[in-house]
Amino acid sequence: MGRTVVVLGGGISGLAASYYLSQAPCPPKVVLVEGSERLGGWIRSVRGPDGAVFELGPRGIRPAGPLGARTLLLVSELGLDSEVLPVRGDHPAAQNRFLYVGGSLHALPSGIRGLLRPSPPFSKPLFWAGLRDLTTPRGKDPDETVHSFAQRRLGSEVASLAMDSLCRGVFAGNSRELSIRSCFPSLFQAEQTHRSILLGLLLGAGRGPQLDSALIRQARAERWSQWSLRGGLETLPQALNAHLTSRGVTVLQGQPVCGLSLQAEGRWKVSLGDSSLEADHIISAIPASVLSKLLPAEAAPLARALSTITAVSVAVVNLQYRGARLPVQGFGHLVPSSEDPVILGIVYDSVAFPEQDGSTPGLRLTVMLGGSWLQTLEARGCVLSQELFQQEAEKAAATQLGLNEPPSHCLVHLHKNSIPQYTLGHWQKLESAAQFLAAQKLPLTLAGASYEGVAVNDCIESGRQAVARVLGTEPNS
Ligand SMILES: Cc1cc2nc3c(=O)[nH]c(=O)nc-3n(C[C@H](O)[C@H](O)[C@H](O)COP(=O)(O)OP(=O)(O)OC[C@H]3O[C@@H](n4cnc5c(N)ncnc54)[C@H](O)[C@@H]3O)c2cc1C
C-alpha cells in the first residue's frame, strides 16, 4: 500500500503543500482536509452588484525576491498568466505610499534625492537615519522588539512613525511587542551579517536561486511592485483546487479535524467528527493554536509551545464611492498608533487595480481597523457590531481622505484571530517545536502563517518547504 499524506487546512499554505506533493515524481496519496465549506482561508474575493471586486483578505502579492518569483512560477503552472493584473514600477500605486500624521497625508520619500530633502512628518531628512544606521554597532541580543531595533539603528522618529505603522500595516500588531528577528528577518540578518541595515540590504540583494519564466522576466523588466488577478486573488486557491482534483488529490471540505492520535505502528488517526482517516504523515497548515488543541497527550510539550503563538483580529471594511476622487494617488496610507488607535490604514484599491472597479465610475477603498483598540474591546467582551466598524471606517475616509458623502456600497467583516503575532522570542518557540519533532521522530510537519512569514508568498513557500522535508528532497530545487 502507498504512503498517505494528510494535509490539514485548505488555506493557501495547505493548498500549496498539496500542490507540491502532487507534483512529486512518485506522489504519495494526498488528502487535503478543510474544516469550512470553502477553500482559500483568509483569501476571499467577492463581487459587488456592479461586478466590482472586493478583497476581504489579501489584495496584492509582491513579485520581488525568490519567493515572489516562486509564486509567479506557480501562477504560470496553473495557467493564470492572462489573469494577472500588474502594478508596474512607473504607476502611482508603485511609487507613492503615505503616512497619515498630524491630521494630514505625507508622501514617504523615495530615491536618493527624497532622502536628502526634509520630509515631514520626519523633522530631519531621512539621510540622517541612514547615517545613524551606518555608524551604529551591531546589536548583541539574539532577538529584540521591532521598536527597540529601529530606535537603536534609525532613531526615535523612524521607530515611532514608520516602523510602528509598518507593523500595523503588515501584522496589525504592536512594534513594541513584535520581534525584529521573526517579523523582518532580512533587517535582522542585514545587521548580523553586515553590521548595518543599509549595507546588508545593498550587498545581500540578489542572492539565492534565480527562477526564470516569461512572467518572472516581465515582472522584472516592468519593475512590478505587486500584482493581483482579474477576478480577485481567490482565483488562485480556486485554480489550485481544480488542479489538485485533476491530479487525483482528495479534497474534503466542511470536515473540521477534531483530534489526532498516534497508533501502535506510528501512523496517525485523524478524527473528523463521525469518521476518520489514517495517515503516514501529516502536514499541518492550520493555525498553531488550533493544532495545539488537537495533538495527543504524547505531544504535550509541542502543544504547549504552539499554544503560545497567538493571533490578533482585524476588521476589514470595503467601501465604494460613486463618482468620488481621492486627494492623492498612491497605494494607500498607514496610520501610526500615536495618531489613531483604531485605524491601521486605508488601501486605495481603485488606484492599484482599476480593472476591478466594476461598471460604476467611482472609487473602491479598504479600511483596516484593529490594534490595541480592538484587542481591548475583545478582552472586555464588548458587542462588536458591523455598525461600529462601518461608522469608524466612514469617519476615517471622511477625515483622512475628505470623502464626506456616504458610500454607495459597503462590506464589513471581522476576521477573528487572523494575523499571527511573532512576538519577542518567537524563534525560540519554533526551535523548541522543531527539536521536539526531531527527537520524537513524529511524522508531522508544520506549515502556514503561524511560523515564518504571514504574506501569501511566505505561506506558499512554507507549503513547499514542508513537502521537501516530507519527501526528503532538496528545498531549493
Ligand atoms: C485582512 C488581511 C489582509 C491581508 N493582506 C495581505 C496582502 O495584501 N498580501 C499578502 O501577501 N498577505 C496578506 N495577508 C496575509 C495572508 O493572506 C495570510 O497570512 C494567508 O492567507 C494565511 O494562509 P494560511 O493558509 O497559512 O492560513 P489560513 O488562511 O488561516 O488557512 C487555514 C485553513 O485551515 C482551516 N482550518 C482551521 N482549523 C481547522 C480544522 N480543525 N480542521 C480543518 N481545517 C481547519 C481554516 O478554515 C482555513 O481554511 C492578509 C491577511 C489578512 C487577514
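To keep things clear, this report deals only with the structure shown in the data block. Please read all numbers here as calculations on a predicted model, not as lab measurements.

1. Overview of the sheet that holds strand β2 (residues 29-33)
Thought 1: Sheet architecture is open: 5 strands sit in the order β9-β2-β1-β13-β19, paired in parallel fashion. Where the open sheet ends on each side, the last strands, each with one partner, are β9 (250-252) and β19 (444-446). The average angle at which neighbouring strand axes cross in this sheet is 15°, direction not considered.
Thought 2: The sheet contact formed by β2 and β9 spans 3 bridges and is parallel. By the bridge assignment for β9, valine 33 is matched with leucine 252.
Thought 3: Lying on the sheet, helix α19 (residues 456-471) is in contact with β1 (4-8), β13 (281-284) and β19; it crosses β19 at an angle near 155°.

2. Observations concerning the side chain of glutamine 320
Thought 1: With respect to the helices and strands, glutamine 320 occurs in strand β14 (residues 311-322).
Thought 2: Beyond its immediate chain neighbours, meaning those up to four positions away, glutamine 320 contacts Asp50, Ala52, Phe54, Asp357, Thr360, Leu363, Arg364, Pro407, Ser408 and His409.

3. Remarks on the packing of helix α5 (residues 127-135) against helix α6 (residues 146-154)
Thought 1: In the contact formed by α5 and α6, the axes pass within 7 Å of each other and the chain directions differ by 95°. In terms of orientation, α5 lies roughly perpendicular with respect to α6. From α5, Ala129, Arg132 and Asp133 reach across to α6, where they touch Gln151, Arg152, Arg153 and Leu154.
Thought 2: Its residues placed into classes, the contact of α5 with α6 shows 2 nonpolar, 1 polar and 4 charged.

4. Focus: α19
Thought 1: Taking 1.5 Å per residue as the helical rise, α19 with its 16 residues ought to reach 22 Å, and the 23 Å between its terminal C-alpha atoms agrees with that figure.
Thought 2: Looking at the packing, one finds that the buried side of α19 touches β1, α1 (12-22), α2 (65-77), α12 (235-246), β13 and β19.
Thought 3: Positioned one or two residues after α19, glycine 472 has a phi angle of 70°, which is positive.

5. Brief notes about the site of the ligand
Thought 1: Neighbouring the ligand are 31 residues; Ser13, Glu34, Val257, Val454 and Val456 lie closest to it.
Thought 2: Backbone polar atom of glycine 60 to a nitrogen atom of the ligand: 3.0 Å apart, as the coordinates give it.
Thought 3: Within the backbone of valine 454, an N or O atom sits 2.5 Å from an oxygen atom of the ligand.
Thought 4: Contact with the protein chains hides 85% of the accessible area of the ligand, taken as 1,000 Å² for the molecule alone.
Thought 5: Looking at the shell around the ligand element by element, the count peaks at 3 residues for strand β18 (residues 409-420).

6. What about the state of the cysteines?
Thought 1: One pass over the structure, following the stated rule, counts 0 disulfides.
Thought 2: Free of any disulfide, cysteine 167 has its nearest neighbouring cysteine sulfur in cysteine 183, separated by 6.2 Å.

About the cut-offs
- Residues numbered from 1 in each chain as written.
- Predicted model: local features only at pLDDT ≥ 70, side-chain atom pairs only at ≥ 80, totals over all residues.
- Heavy atoms only, no water.
- Pairing = 2+ DSSP bridges.
- Helix = DSSP H or I, 4+ residues; strand = E, 2+ residues; numbered from the N terminus.
- Axes fitted to C-alpha atoms, helices over the stretch in contact; angles between N-to-C directions.
- Contact = heavy atoms within 4.5 Å.
- Parallel < 35°, antiparallel > 145°, perpendicular 65-115°, else oblique.
- Nonpolar A, V, L, I, M, F, W, Y, C, P; charged D, E, K, R; others polar.
- Expected span 1.5 Å × (residues − 1).
- Near = heavy atom within 4 Å.
- Polar contact = N/O pair within 3.5 Å; in protein donor to acceptor, adjacent residues only side chain to side chain.
- Areas by Shrake-Rupley, 256 points an atom, 1.4 Å probe, with all protein chains shown as cover.
- Disulfide = S-S within 2.5 Å.

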